[in-house]
Amino acid sequence: MKVCVIGTGYVGLVTGVCLSHIGHHVICVDNNEEKVKLMKSGQSPIFEPGLSGLMKNCSASGLLEFSSDLAAGVKHGEILFIAVGTPALPTGESDTRYVEAVAKGIGSHLDENYKVIVNKSTVPIGSGDWVKMIVLDGVKERQQTGDSCDLENKIIANFDVVSNPEFLREGAAVFDTFNPDRIVLGSNSEKAIALMQQLYQPLVERTFGDNPSLPPVPVVVTDLNSAEMIKYAANAFLATKISFINEVANICDRVGADVIQVAEGIGLDSRIGSKFLQAGLGWGGSCFPKDVSALIHTADDYNYETELLKSAVNVNKRQRFIIIEKLQNELKILKGKVVGLLGLTFKPDTDDMRDAPSLNIIKELNRLGAKVKAYDPIISSQTGMSQALSDVIIETNPEMLADGCDALILVTDWQQFLKLDYPKMGKLMNNCLIIDGRNFLDKQSLQKAGFRYVGIGH
Ligand code: NAD
Ligand code: UGA
């Protein structure tokens, strides 16, 4: 099928590449010329395991193209994905201006051929109908600039909007796209749903997944509002689950229980499940924080006070600073101390720094007068974000990080950090203290290497 994906970030690029890999002809459109140039040259603008290789193969097969020309993309695609960002405004609401610009742009380039416009961006509940309205605004603006009224009528009758929320995780985005737990399709148009089912058939039948022996992927067909709500409810549930285990971890710290064993003990109950019960310094990233805030905001708009979600957010805010409390317990005065952060990104296997807990920790340590250094396998001093990272010295290897430190804090659970030469690092430190913000490292072997180990409820 002919597909156009507008927005080539973590979601759009992965979606475009994976859809072309399963045989569709995809044009990925972005208004960032630099990005388009990079992608045309065969390079991925983001770090995502497995993406670059797949991108090169698909481009070579001729089924994947990149462009900054929205008109050409709209003309090409029978299915048009909107996959631009929806960051949080300072009020917590979702900033839908990029979606609006794309919807209007689509409207101004629609032709008489039937198109399905797919909201893949995470958008506030009710956005499906709103996108339809904006697309029609785009059509009307074109009419004012001279196109015929007849064309407008044809276009009005000739597109439908589908909500197809995305559930991929950064760092596992390619795997998740080929092996989804479910596909959600929301629309009131049977024709649009049928085309979307045709698009996803190879994934549903698992012809291209890593688990061909599994049963077909469940497809949830519903209305627009419910599909949009499914996305927010899923993220809000997962974020609340993490805040729950973090609260349990904080109680464990006080009563002398071990949250890792507690999580195992409760996770074996199939009604609870073992995933997303890893206690630590809290959730971050480009999605959980903004999506939970947006849902709280939507509820506020409809006069509903979301007590549980607000508590999940508050627990999470406090959790990022629990690290500092633990550091103060161990070192007392932080002024003049040197603290080394292992990891900066909000989770491993990504270069994404959006709402990373490390940023709060750096700011607070600086405020308290400590000197902060960091080592991350993917973030270097050349990486963007220079403003946010201006108060941290980024070292190029773990030994240089450890040198002269009064404490190390494990912030991101990168696999590489399991295999560092901790005995050697310990010898370079002023004081052998490690705060494991993800309960990730081997407590016993660190203690054997002479470290004082402090976990979160562990
Ligand atoms: P992103 O910021 O990484 O990428 C957005 C892209 O859209 C950028 O490349 C930008 O240049 C482009 N863009 C902006 N305006 C444009 C325009 N007018 N025309 C063409 N391109 C334009 O965003 P992302 O992380 O991929 O997220 C996209 C959406 O998907 C968001 O709504 C997000 O909530 C949702 N989502 C993200 C993830 C994730 O893991 N990142 C997972 C599920 C859902
Ligand atoms: C999350 C969801 O998992 C995806 O399903 C969703 O599509 C995506 O948000 C989105 O809407 O954008 P992502 O943010 O990439 O994906 O990463 P997660 O693996 O969910 O981790 C989010 C945060 O929670 C990270 O900071 C991670 O360290 C933290 N986390 C995760 C924990 O503290 N404990 C856990 O047990 C799991």
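Position numbers for residues count from 1 along each chain, tracking the sequence in the order it is written. Here the convention is simple: chains get letters from A, ligands get numbers from 1, in the order in which they are written. In keeping with the predicted nature of the model, local features appear solely for residues at pLDDT of at least 70, side-chain atom pairs appear and are counted solely at 80 or more, and the whole-chain, interface and lining totals rest on all residues. Excluding hydrogens and water, the side-chain figures rest on all heavy atoms present in the structure.

Topic: the site of ligand 1
So the rule is basically this: Here a residue counts as near a molecule or strand whenever at least one of its heavy atoms sits within 4 Å of it. Under this definition, polar contacts are N or O atom pairs within 3.5 Å; protein pairs additionally need one hydrogen-donor-capable and one acceptor-capable atom, and for neighbouring residues in sequence, both atoms have to be side-chain atoms. For every accessible area listed, the method is Shrake-Rupley and the probe measures 1.4 Å; residues are considered covered only by the protein chains on display. Only DSSP runs of H or I reaching four residues or more are called helices, and only runs of E reaching two or more are called strands; each is numbered from the N terminus. Just so you know the grouping, Ala, Val, Leu, Ile, Met, Phe, Trp, Tyr, Cys and Pro go in nonpolar, Asp, Glu, Lys and Arg go in charged, and all remaining residues, Gly too, go in polar. Domain extents, as shown, originate in an automatic or database domain assignment.
Not every one of the 26 residues close to ligand 1 is listed here, only the nearest: D30, K35, T86, E170 and K290. Separating an oxygen atom of ligand 1 from a side-chain N or O atom of K290 is a distance of 2.6 Å. Look at ligand 1: alone it shows 830 Å² of surface, and the protein chains cover 87% of it. For the shell around ligand 1, the elements supplying multiple residues, two or more each, are helix 1 (10-21) and helix 5 (97-109). In the shell around ligand 1, the residues fall into 9 nonpolar, 10 polar and 7 charged. Both domain 1 (2-222) and domain 2 (257-458) contribute no fewer than three residues apiece to the shell around ligand 1.

Structural notes on the packing of aromatic side chains
For any pair of aromatic rings, the description rests on two quantities: the centre-to-centre distance and the angle between the ring planes. Selection rule: Each Phe, Tyr or Trp ring, with Trp reduced to its six-membered ring, pairs with another whose centre is within 6.5 Å; inter-plane angles below 30 degrees give stacked pairs, above 60 give edge-to-face pairs, and intermediate values give tilted ones. Relative accessibility under 20% of the residue-type maximum defines a buried residue, over 50% an exposed one, and the middle range a partly exposed one, all with a 1.4 Å probe and only protein chains included. Note on criteria: charge over ring means Lys NZ or Arg CZ within 6 Å of the ring centre, with the direction from the centre no more than 35 degrees off the ring normal.
According to the stated counting rule, one finds 4 aromatic pairs in the structure shown. With 6.3 Å between their ring centres and 80° between their planes, W283 and F288 make a pair best called edge-to-face. Take W283 and F288: they sit in the same class, and that class is buried. Among the aromatic residues, those joined into a ring-pair cluster are F276, W283 and F288. A cation over a ring is seen here: R182 above F167, with NZ or CZ 3.6 Å from the ring centre. Of note, K191 hangs over the ring of Y114, and the distance from its end group to the ring centre comes to 3.8 Å.

Brief notes about the pattern of salt bridges
Spelled out, the test is: By definition, a salt bridge exists where a carboxyl oxygen of Asp or Glu is found within 4 Å of a side-chain nitrogen of Lys or Arg.
Evaluated as defined, the whole model comprises 16 salt bridges. For R169, the salt bridge identified is with D176, shortest N-O distance 2.7 Å. What emerges from the salt-bridge pattern is a single network uniting E170, D352 and R354.

Overview of the domain arrangement of the chain
Going by this rule: Contacts between residues were defined by any pair of non-hydrogen atoms, one from each residue, lying within 4.5 Å. Take the accessible area each of two parts loses on contact, using a 1.4 Å probe, and add the two losses: that sum is the buried area.
Segmentation of the chain into domains returns domain 1 (2-222) and domain 2 (257-458). Taking only C-alpha atoms into account, the centre of domain 1 sits 34 Å from that of domain 2. Contact residues are listed per partner, giving 16 residues for domain 1 and 17 residues for domain 2. Surface buried jointly by domain 1 and domain 2 totals about 1,200 Å² across both partners, of which 56% is contributed by carbon and sulfur atoms.

Looking at the sheet that holds strand 10 (residues 371-375)
What counts here: Any two strands with at least two DSSP-identified bridges between them are counted as paired.
Taken in spatial order, the 6 strands line up as 11-10-9-12-13-14 in an open sheet, and their pairing is parallel. The sheet terminates laterally at strand 11 (393-394) and strand 14 (452-454), the two strands that pair on one side only. Pairing of strand 12 (residues 407-410) with strand 13 (residues 433-436) involves 3 bridges; the strand directions are parallel. Note on strand 13: the bridge partner recorded for L410 is D436.

Regarding the site of ligand 2
Around ligand 2 sit 20 residues in total, of which F167, L168, E170, K231 and C287 are the nearest. A distance of 2.8 Å separates an oxygen atom of ligand 2 from a polar atom in the side chain of N235. At a separation of 3.4 Å, an oxygen atom of ligand 2 approaches a polar backbone atom of L277. Look at ligand 2: alone it shows 700 Å² of surface, and the protein chains cover 90% of it. Listed by contribution, the elements that provide at least two residues to the shell around ligand 2 are helix 10 (224-255) and helix 12 (288-301). For the shell around ligand 2, the two domains that each supply at least three residues are domain 1 (2-222) and domain 2 (257-458).

Quick word on the side chain of T8
Take T8: it is sitting in the loop between strand 1 (2-6) and helix 1. We classify T8 as buried; its relative accessible area is 0%. A polar contact of 2.8 Å, which involves the side chain of T8, links it to the side chain of D30.

Topic: the nonpolar core
How we decide: As used in this record, nonpolar core signifies buried Ala, Val, Leu, Ile, Met, Phe, Trp, Tyr and Cys residues forming a set joined through side-chain atoms within 4.5 Å.
Judged by nonpolar contacts, the single largest core of 43 residues is most densely connected at I79, F81, V116, M196, L199 and Y200. With residues up to four places along the chain from it excluded, the contact list for F81 reads V3, C4, V5, I6, L19, V118, K120, N164, M196, L199 and Y200. Listed in part, the 38 residues of the second largest apolar core include I245, V392, A407 and V411.

A word on unusual backbone geometry
Unusually for a residue other than glycine, N303 sits at a positive phi of about 60°. Take N303: it is sitting in the loop between helix 12 and helix 13 (307-331). Among the residues examined, N303 registers a relative accessible area of 75% and is labelled exposed. Of note in the backbone geometry, N439 takes a positive phi value of approximately 45° without being a glycine. Mapped onto the elements, N439 comes out in the loop between strand 13 and helix 17 (443-448). Residue class for N439 comes out buried when judged on its relative accessible area of 11%.

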